[in-house]
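The chain contents come next:
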Amino acid sequence: MILTVTLNPSIDISYPLEKLNLDTVNRVSEVSKTAGGKGLNVTRVLSESGDQVVATGFVGGTNGQFLKEHLPAGVQAAFFDIDGDTRNCIAILHEGNQTEILEAGPEISNSESEGFLSHFEELMKDSNVIAISGSLPAGLSTDYYAKLIEISQKHQRKVVLDSSGKSLEAVLKSSFKPTVIKPNNEELSQLLGKEVTEDLSDLKEVLTDPLFDGIEWIIVSLGGDGAFAKHQNTFYKVDIPKIEVVNPVGSGDSTVAGISSALNSQKNDEELLKHAMVLGMLNAQEKMTGHVNMDNYDQLYKEIKVKEV
């Protein structure tokens, strides 16, 4: 079983408009509302790819109830209820543009923070892999992910962490390391305080920085150029075929789903990297964020090349 963690989920609302008129009324004929947040994108893709998945995180209010009722079929809800209301995130699609209005979300109290840690530990019983994604809501300490990883390690569970900024930095500087991180070049540059290029020699040097000691897998997305990865002391370059990109949003989350799935089924290095990249590409081929069409899986899988460098 894979456990996904989304501590600051949302109801994602999409308003498509032919034209956005400012300072007046805009009427929308089609509205879509989905359970959102990076971790719930991971959840949806895992479900569609055939994995057993449990979803947890903080939810509250009528939005929280809506979120629990609109999870993908087959996903087990194991959320922790809070007093605050789950946030809305609105995307206005107009004239080829996307204007977003994102609520910050509820502030988590000290009692809720401590309560979730106990709740999370209970979920370890049936979970082999933990996928933690996204930002921390207000009220949680920057080292909260490190606390979750500490609990996971206590129960000898593998952890895939997809975060950035201070929460990721806090984990890297702690004694409790995830199994996998998936930074991009921009995030690596922020962490190390210097520009990180896509040059393979540069990436090799960067990923051996002491900041990353103790992390089994580091997988760096290179967009259309595939990925660069380090597993223990072995480096890989992953080359992917050209595809028609419909919507790249959520492809990183889909890649996290692939990594988590591969760890859960104990795939070897090449299989893990191919599976992760295929799910990311399948998402990019779809209009809906966090969605994959598995009918196209086999052909893409055959076209991905993984080489040790």
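This text goes with the structure placed above it.
Please read these numbers as outputs of a predicted model, since none were measured by experiment.

Account for the pairing of strand 14 (residues 234–239), with residues named and values stated.
Relative to strand 14, strand 13 (residues 227–231) is paired through 5 bridges, and the arrangement is antiparallel. Each residue of the ladder has a partner; that of F228, found in strand 14, is K237. Alignment of strand 14 against strand 15 (residues 305–308), held across 4 bridges, turns out to be antiparallel. Considered in strand 15, the bridge of Y236 is made with E308.

Any chance you could break down the pairing of strand 10 (residues 158–162) for me, citing the residues and the numbers?
A large share of strand 10 lies buried, amounting to 4 of its 5 residues. Pairing of strand 9 (residues 129–133) with strand 10, which is carried by 5 bridges, proceeds in the parallel orientation. For I130, the partnering residue across the bridge sits in strand 10 and is V159. Viewed along the sheet, the connection from strand 9 through helix 4 (residues 144–154) into strand 10 turns out right-handed. The sheet contact formed by strand 10 and strand 11 (residues 180–181) spans 2 bridges and is parallel.

Just give me the short version of the packing of helix 6 (residues 185–192) against helix 7 (residues 200–207), but keep the residues and values in it.
Two elements in contact, helix 6 and helix 7, have axes whose closest approach is 12 Å; the angle formed by their N-to-C orientations is 50 degrees. Considered as vectors, helix 6 and helix 7 are oriented oblique to each other. Handedness of the crossing formed by helix 6 with helix 7: left-handed. Contacts between helix 6 and helix 7 involve N185, L188 and L192 from the former and L203, V206 and L207 from the latter. Looking at the contact of helix 6 with helix 7, its residues break down into 5 nonpolar, 1 polar and no charged.

How would you sum up the nonpolar core? Please name residues and give values.
Counting 47 residues, the largest nonpolar core has L67, I219, V238, L273 and I304 as its most contacted members. The dominant element in this core, judged by the number of residues it contributes, is helix 9 (residues 269–284), at 8 residues. Ignoring anything within four residues of it in the chain, the contact list for I304 reads V238, D239, I240, P241, K274, M277, V278 and M281. By size, the runner-up hydrophobic cluster in this structure holds 43 residues, among which are F58, F80, L188 and F235.

What counts and how
- Residues numbered from 1 in each chain as written.
- Predicted model: local features only at pLDDT ≥ 70, side-chain atom pairs only at ≥ 80, totals over all residues.
- Heavy atoms only, no water.
- Pairing = 2+ DSSP bridges.
- Helix = DSSP H or I, 4+ residues; strand = E, 2+ residues; numbered from the N terminus.
- Buried < 20%, exposed > 50% of the residue type's maximum accessible area, 1.4 Å probe, protein only.
- Right-handed = clockwise from strand over helix to strand, strands pointing away.
- Axes fitted to C-alpha atoms, helices over the stretch in contact; angles between N-to-C directions.
- Parallel < 35°, antiparallel > 145°, perpendicular 65-115°, else oblique.
- Left-handed = near helix turned anticlockwise from the far one by under 90°.
- Contact = heavy atoms within 4.5 Å.
- Nonpolar A, V, L, I, M, F, W, Y, C, P; charged D, E, K, R; others polar.
- Core = buried A, V, L, I, M, F, W, Y, C linked by side-chain atoms within 4.5 Å.

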